[in-house]
Amino acid sequence: VAAARRTRTLGATVDASSFTGERPAGGTDALALLGNTIATGAILVVLILIFGPVSGAHFNPAVTIALSVRGRFGKREIVPYIVVQIIGGIVGTIVAHYMFEEDAVTWSTTVRTGPSQWAGEIVAAFGLLATIFGCLRYRADAIPFAVGLYITAGYWYTSSTSFANPAVAIARGFTDTFSGIRPADIPMFILAQIVGALLAAWLFRWLHAGDPDD
């Protein structure tokens, strides 16, 4: 339940900030992206601070899978968590549409495909998990701020604007704002995100080999 609420809030923030950023930006993509970036990074800090003590602040299937590979999350809980994360993201998008008097679902027509976009998502997910694993080992108390700052930066330095979250990628298929993604392009984004997360899990297992926590 907590995972669904967190992902719902994240999904609603990403989508709602697309509306509030896109409208005053007057067609200026950079301004719209800036508004979306600030809101997303800020809400991530808040959500992790609030829900971290409850259930680890899981609202990202790629993070759930990578943590399970590292033995930090029970394998039996992976599927239930991912299901509620996806549902939460979709519900958040619908809530955002309702707030801004849009149709509940407006399928995205934004094309996001090709090797450069997929590479961007591998880099985005890898960096996100590197941030999490590094902080877990050395500065666990910094995770909320580190993750929020990483995603804020990732919006701008990756070719894909750093979705880095399969549940959010699916939710963005339900909105035809500039932050959306055409449903046909979602599967490759999810694959790239999982690849990036698993690469980070492998690298940090090697880097931390012999440490007491590993």
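Residues numbered from 1 in each chain as written. Predicted model: local features only at pLDDT ≥ 70, side-chain atom pairs only at ≥ 80, totals over all residues. Heavy atoms only, no water.

### Here we look at the environment of Thr161
In plain terms, the rule: Numbered from the N terminus, helices here are DSSP runs of H or I no shorter than four residues, and strands are runs of E no shorter than two. Each residue is assigned to one of three classes by its accessible area relative to the maximum for its type, calculated with a 1.4 Å probe on protein chains only: buried under 20%, partly exposed between the two thresholds, exposed over 50%. Whether two residues touch is decided by their heavy atoms; if any such pair falls within 4.5 Å, the residues are in contact.
The residue Thr161 is located in the loop between helix H6 (143-157) and helix H7 (166-172) in this model. Exposure remark for Thr161: the relative accessible area of 16% places this residue in the buried category. The spacing of Thr161 and Ile151 is 10 residues in sequence and 9.0 Å in space, taken between C-alpha atoms. Apart from residues no more than four positions distant in its own chain, Thr161 is found in contact with Leu33, Arg112, Gly154, Tyr155 and Arg172.

### Concerning the packing of aromatic side chains
What counts, and what does not: Pairs were defined over the aromatic rings of Phe, Tyr and Trp, the Trp ring being its six-membered one, requiring ring centres within 6.5 Å. Orientation was assigned from the angle between planes: stacked under 30 degrees, edge-to-face over 60, tilted for the rest. Geometrically, a charge over a ring is one whose NZ (Lys) or CZ (Arg) sits within 6 Å of the ring centre while staying within 35 degrees of the ring normal.
In this structure the tally under the stated criterion is 5 aromatic pairs. On the basis of an interplanar angle of 45° and a centroid distance of 4.7 Å, the ring pair of Trp107 and Phe174 is categorised as tilted. A residue pair is termed long-range when its members are at least 10 positions apart, and Trp107 in the loop between helix H4 (78-99) and helix H5 (115-138) and Phe174 in the loop between H7 and helix H8 (186-207) qualify at 67 residues. Ring centres of Phe133 and Phe204 lie 6.2 Å apart, and the angle between their planes is 35°; on these two criteria the pair is classed as tilted. Separated by 71 residues along the polypeptide, Phe133 in helix H5 and Phe204 in helix H8 bring together distant segments of the chain. Across the ring face of Phe133, the terminal group of Arg70 is positioned such that the distance to the ring centre comes to 4.6 Å.

### Brief notes about H4
Here is the rule: To estimate the expected span of a helix, subtract one from its residue number and multiply by 1.5 Å.
Over its 22 residues, H4 runs 32 Å from end to end, which matches the ideal 32 Å to within 8%, given 1.5 Å per residue. Those residues of H4 that sit buried are Ile78, Tyr81, Ile82, Gln85, Gly88, Gly89, Ile90, Gly92, Thr93, Ala96 and His97. Positive phi appears at Glu101, one or two residues downstream of H4, with a value of about 55°.

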